[in-house]
Each structure stands twice: as C-alpha cells, then as structure tokens.
Amino acid sequence: MDASASSSSAIAASNYALRGRVAGTLGPLATYKSGPNAGKPVAPDIEAWFQQDKFQGNPAIVAQWADLHNGMAQHG
C-alpha cells in the first residue's frame, strides 16, 4: 500500500472546534491550582470575562470571535 498520498486526520491545537470541545469538557472540572482561589472552579471567572466583552483594551471581543467562528458560536 502506498501511503504517500495520505494525510493526517489530527486536528491542530489552534483549531477552534477542538478548543471548544476541550473547553466544554474541562470547563466544569477545571480549578485554580494555587493562589487565593486555589481549589475553586475557573468557570465563573471565564463567564465574567465573556460578560465584560473586552480583551486587552479591545471592546466587543466576543462578537468579533463569533463573527470569525460562526459555526462554533452557534453550538454553544
């Protein structure tokens, strides 16, 4: 069998669908490892970040992400 024409079916870590799947699976389980929130879930802080809708001074970051990744935004 000649495998020279085959390619990998692996999804890169930069793939937003993979990131979304991982976040949906681990989000409810992830906790802070250290600091004042050690042992507490990270999900409430992530939700608060989305509600602020700002990242590094850029407003409407959630809407920008949703426009760029429409299919994934509709799944959540």
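Higher on the page you've got the structure.
For clarity, every value in this text was computed on a predicted model and none was experimentally measured.

Engineer: Please clarify how the overall build of the protein chain should be interpreted in this entry.
Structural biologist: Helix and strand counts for the protein chain come out as 4 helices and 2 strands. Helices and strands in the protein chain line up, N terminus first, as α-α-β-β-α-α. In the protein chain, buried positions account for 4% of the 76 residues. Long-range pairs, those at least 24 residues apart, make up 16% of the contacts in the protein chain with a sequence separation of at least 6. A total of about 6300 Å² of accessible surface is found on the protein chain, and carbon and sulfur atoms cover 58% of it.

Engineer: Where do I start with a nonpolar patch on the surface in this structure?
Structural biologist: On the surface, a cluster of nonpolar side chains totalling about 280 Å² of accessible area is made up of Val22, Leu26 and Leu29. Tracing the backbone shows Leu26 in helix α1 (residues 16-26). Among the residues examined, Leu26 registers a relative accessible area of 45% and is labelled partly exposed.

Conventions and cut-offs
Residues numbered from 1 in each chain as written. Predicted model: local features only at pLDDT ≥ 70, side-chain atom pairs only at ≥ 80, totals over all residues. Heavy atoms only, no water. Helix = DSSP H or I, 4+ residues; strand = E, 2+ residues; numbered from the N terminus. Buried < 20%, exposed > 50% of the residue type's maximum accessible area, 1.4 Å probe, protein only. Contact = heavy atoms within 4.5 Å. Areas by Shrake-Rupley, 256 points an atom, 1.4 Å probe, with all protein chains shown as cover. Patch = residues over 30% accessible without salt bridge, like charges linked within 9 Å, V, L, I, M, F, W, Y side chains within 5 Å. Salt bridge = Lys/Arg side-chain N within 4 Å of Asp/Glu carboxyl O.

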